[in-house]
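# A look at the structure
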Amino acid sequence: HGTNLVDNVVAASGPTAFLLAPVQNVVANYVAKVDLGYYIGVYVLIAVASIVCILLRSLLQFWGSLKASKELHEELLHTILRAPVRFFDITPVGRLINRFSKDMETIDQSLISSLAIFITELVSSVAILVVIAIITPAFIGGAFVISAIYWIIGVLYLSASREIKRFESVTKSPIYTQFGETLNGVSTIRAYGQEKRFMRSNCTKIDDNIRPFIYMWGANRWLSIRVDLAGALVSFLAGLFALLATGRMDAGLAGLSLSYALNFTEHILWVVRFYSYNEMNLNSVERVIEYLDIEPEAPVSIPDHVPEPQWPTAGEISVEDLVLKYAENLPPVIRGISFHVNPREKVGIVGRTGAG
């Protein structure tokens, strides 16, 4: 019943010692039989095993994360370098910079960390519900109601936070684009005295990017309040069922159930929050994979069309029915052009664009 009580009983003297003599003998025998070294040893082994498991888990998750991130980055870089010229005509440079900077940073650092925390908190939440349900079986019915409430809160939060995160990612690219264009044309901007206009444009784009960030934290506060209210319902039901089971339940088990119920609110809050973080971080993966589907240019080497080693033997060019387009979905700009250039013959380019 506690160290202080044992010390007081063993150290009792005077008339009290005469009354407590039998108790002193029992307590002294109990203390003598307890092998403290055994229990401390078991505790140390559990602590060491926990440290080893956490270390192995961390090594595994970060090794896998860096391996996946490296493969995505190499594949993205290869795809961009092999992309057709038309792709760079219609794609702002800021979008490419955003993929290679912010999105790859999220995949490198944030994605695996948020996933690990989500799994840990989910396991803790389920374990708490199982403990409470075992101690007070009547809690199982209330657990379904609580789960439905949390599911509704999570769906409403995710539907908003996911789109807000997408807006934040989309509005970041124009900042890079406008800043790069400003640096390239800074001499022209100064010559025409347009510094203030470009500064206002830059500040406007930064405001457009910060605004979703503020809404994101507003959504987090919305989530926190409602999760706390739902968590209070868990504590209320656990205490109610423990009170109804008075006389049929051990006091220690009732205290264990209530202490776990009080911790449930914090765990379930992080479950919902980090689940949403994972969905938002996976938005970066989605944006990177989007650029992996770009139709590449023709390969550098075509095995079936490898020229002979002595090629070319003469500077002779023959073109028949040449058709050129700027893009597949645009009409041809050159139709059915045929010509022949003899060896050692000079050819001139006509037209302001050099197209013929």
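See the structure printed just above.
First, a word on what this report is: a plain description of the structure on this page. Model, not experiment: these values are computed from the prediction.

### Digging into the side chain of Asp103
The topology assignment puts Asp103 in helix α6 (residues 93–135). In terms of polar contacts, Asp103 uses its side chain to reach the side chain of Arg287, at 2.9 Å. In this view, Asp103 contacts Asn98, Ser284, Arg287 and Val288; residues no more than four positions away in its chain are not counted.

### Remarks on helix α11 (residues 251–290)
With 40 residues, α11 extends 58 Å between its outermost C-alpha atoms, agreeing within 8% with the 58 Å of an ideal straight helix rising 1.5 Å per residue. Along α11, the helix axis deviates most sharply at Phe264, where the bend reaches about 30 degrees.

### A look at the side chain of Ser173
Structurally, Ser173 is set in helix α8 (residues 173–184). Assessed through its relative accessible area of 5%, Ser173 is described here as buried. Setting aside chain neighbours within four positions, we find Ser173 in contact with Gly94, Arg95, Asn98 and Arg287.

### Focus on the packing of aromatic side chains
Two aromatic rings, taken as a pair, are described by how far apart their centres are and by the angle between their planes. Under the definition given, this model contains seven aromatic pairs. Consider the rings of Trp270 and Phe274, whose centres lie 5.4 Å apart with planes at 40 degrees: the pair is tilted. Here Trp270 and its partner Phe274 are both found in helix α11, four residues apart, which amounts to about one turn of the helix. Look at Phe274 and Tyr277: their rings are 5.2 Å apart centre to centre, the planes differ by 85 degrees, and that puts the pair in the edge-to-face class.

### Observations concerning unusual backbone geometry
The backbone of Asp321 sits at a positive phi, close to 50 degrees, despite the residue not being glycine. Residues other than glycine seldom take positive phi values, yet Arg344 does so here, at roughly 60 degrees.

### Concerning the packing of α6 against α8
The N-to-C vectors of α6 and α8 enclose an angle of 120 degrees; their axes lie 7 Å apart at closest approach. Between α6 and α8, the interaxial angle falls into the category oblique. You can see that α6 and α8 cross each other, and the crossing is right-handed. In this structure, α6 contributes Val93, Gly94, Arg95, Ile97, Asn98 and Ser101 to the contact, and α8 contributes Ser173, Tyr176 and Thr177.

### Some remarks on the pattern of salt bridges
Evaluation of the coordinates by the stated rule reveals eight salt bridges. Arg166 is paired through a salt bridge with Glu163; the nearest N and O atoms lie 3.1 Å apart. One end of the pair, Arg166, and the other, Glu163, are both in helix α7 (residues 139–170), three residues apart, so they sit about a helical turn from each other. A relative accessible area of 27% means that Arg166 is categorised as partly exposed. Judged by its relative accessible area of 35%, Glu163 is partly exposed. One salt bridge in this structure joins Asp208 and Arg211, with 3.1 Å as the shortest N-O distance. A residue pair is termed a helical-turn pair when its members lie 3 or 4 positions apart in one helix, as Asp208 and Arg211 do in helix α10 (residues 195–244) at three residues. Taking relative accessible area as the criterion, Arg211 reaches 39% and is therefore assigned partly exposed.

### Some details on the nonpolar core
If you look at soluble globular proteins, the nonpolar side chains tend to sit buried side by side. With 25 residues, the main nonpolar core has Phe139, Tyr150, Leu223 and Val227 as its most contacted residues. For this core, the secondary structure elements donating two or more residues are α6, α7, α10 and α11. With eight residues, α10 is the largest single contributor of residues to this core. Ignoring anything within four residues of it in the chain, the contact list for Tyr150 reads Val227, Ala230, Gly231, Phe264 and Ile268. Listed in part, the 14 residues of the second largest apolar core include Ile80, Ala83, Phe87 and Tyr291.

### Here we look at the environment of Ile317
With respect to the helices and strands, the residue Ile317 is situated in strand β1 (residues 317–324). Once the C-alpha coordinates of Ile317 and Val341 are considered, the two residues, 24 residues apart in sequence, prove to be 5.0 Å apart. Ignoring any residue separated from it by four or fewer positions in sequence, one finds Ile317 in contact with Phe339, His340 and Val341.

### A few points about a nonpolar patch on the surface
A grouping of Leu36, Ile40, Tyr43, Val44, Val48, Val52, Leu55, Leu56 and Leu59 is seen on the molecular surface, where their side chains present a nonpolar patch of about 920 Å² in accessible area. Looking at the secondary structure, you find Leu55 in helix α4 (residues 36–81).

The rules we used
Residues numbered from 1 in each chain as written. Predicted model: local features only at pLDDT ≥ 70, side-chain atom pairs only at ≥ 80, totals over all residues. Heavy atoms only, no water. Helix = DSSP H or I, 4+ residues; strand = E, 2+ residues; numbered from the N terminus. Polar contact = N/O pair within 3.5 Å; in protein donor to acceptor, adjacent residues only side chain to side chain. Contact = heavy atoms within 4.5 Å. Expected span 1.5 Å × (residues − 1). Bend = angle between axes of the 7 residues up to and from the residue. Buried < 20%, exposed > 50% of the residue type's maximum accessible area, 1.4 Å probe, protein only. Phe/Tyr/Trp six-rings, centres within 6.5 Å; stacked < 30°, edge-to-face > 60°. Axes fitted to C-alpha atoms, helices over the stretch in contact; angles between N-to-C directions. Parallel < 35°, antiparallel > 145°, perpendicular 65-115°, else oblique. Left-handed = near helix turned anticlockwise from the far one by under 90°. Salt bridge = Lys/Arg side-chain N within 4 Å of Asp/Glu carboxyl O. Core = buried A, V, L, I, M, F, W, Y, C linked by side-chain atoms within 4.5 Å. Patch = residues over 30% accessible without salt bridge, like charges linked within 9 Å, V, L, I, M, F, W, Y side chains within 5 Å. Areas by Shrake-Rupley, 256 points an atom, 1.4 Å probe, with all protein chains shown as cover.

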